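A look at the structure
Each chain, letter by letter, is given below.
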Amino acid sequence: MDFIEDILETLKEWARRILDVLLGPDVQPEPERIPIPVNEPGRRR
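We now turn to the structure provided with this report. Here the structure is a predicted model, which means the values were calculated and not measured.

Let us now look at the overall build of the protein chain. Each helix and strand counted, the protein chain has 1 helix and 0 strands in total. A burial count over the protein chain gives 0% of its 45 residues as buried.

Attention now moves to the pattern of salt bridges. Oppositely charged side chains may form a pair once their charged atoms are brought near each other. One pass over the structure, following the stated rule, counts 2 salt bridges. Here Arg16 makes a salt bridge to Glu13, at a shortest N to O gap of 3.0 Å. Here Arg16 and its partner Glu13 are both found in helix 1 (residues 2-23), 3 residues apart, which amounts to about one turn of the helix. Given the relative accessible area of 42%, Arg16 is considered partly exposed. Look at Glu13 and you get partly exposed, because its relative accessible area is 32%.

The next subject is a nonpolar patch on the surface. Residues Met1, Phe3, Ile4, Ile7, Leu8, Leu11, Trp14, Ile18, Leu19, Val21, Leu22 and Leu23 make up a contiguous nonpolar surface patch of roughly 1,400 Å² in combined accessible area. Note on Val21: relative accessible area 69%, which makes it exposed.

What follows deals with helix 1. Here helix 1 is 22 residues long and its end C-alpha atoms lie 31 Å apart, about the 32 Å a rise of 1.5 Å per residue gives. With its phi angle positive at about 85°, Gly24 sits one or two positions after the end of helix 1.

On to a negative patch on the surface. A grouping of Asp2, Glu5, Asp6 and Glu9 is seen on the molecular surface, where their side chains present a negatively charged patch. Its location among the elements puts Glu9 in helix 1. Judged by its relative accessible area of 44%, Glu9 is partly exposed.

How each quantity is defined
Residues numbered from 1 in each chain as written. Predicted model: local features only at pLDDT ≥ 70, side-chain atom pairs only at ≥ 80, totals over all residues. Heavy atoms only, no water. Helix = DSSP H or I, 4+ residues; strand = E, 2+ residues; numbered from the N terminus. Buried < 20%, exposed > 50% of the residue type's maximum accessible area, 1.4 Å probe, protein only. Salt bridge = Lys/Arg side-chain N within 4 Å of Asp/Glu carboxyl O. Patch = residues over 30% accessible without salt bridge, like charges linked within 9 Å, V, L, I, M, F, W, Y side chains within 5 Å. Areas by Shrake-Rupley, 256 points an atom, 1.4 Å probe, with all protein chains shown as cover. Expected span 1.5 Å × (residues − 1). Lys, Arg positive; Asp, Glu negative; His and termini not counted. Charge placed at Lys NZ, Arg CZ, Asp CG, Glu CD.

So, in structure tokens, the structure goes:
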């Protein structure tokens with residue numbers, strides 16, 4: 001039985017690798033940017 005489990009585990013790992021190659025690695029969503037207030041000096045004419 002250990003032999004069959006080893007084969008199944010190997011097949012699962014191969015399937016993961018194939019999916020990673022075809023679909024790319026897991027994409028993490030880009031975090032939202034936090035607006036940073038900037039004090040701009042008043043324009044003098």
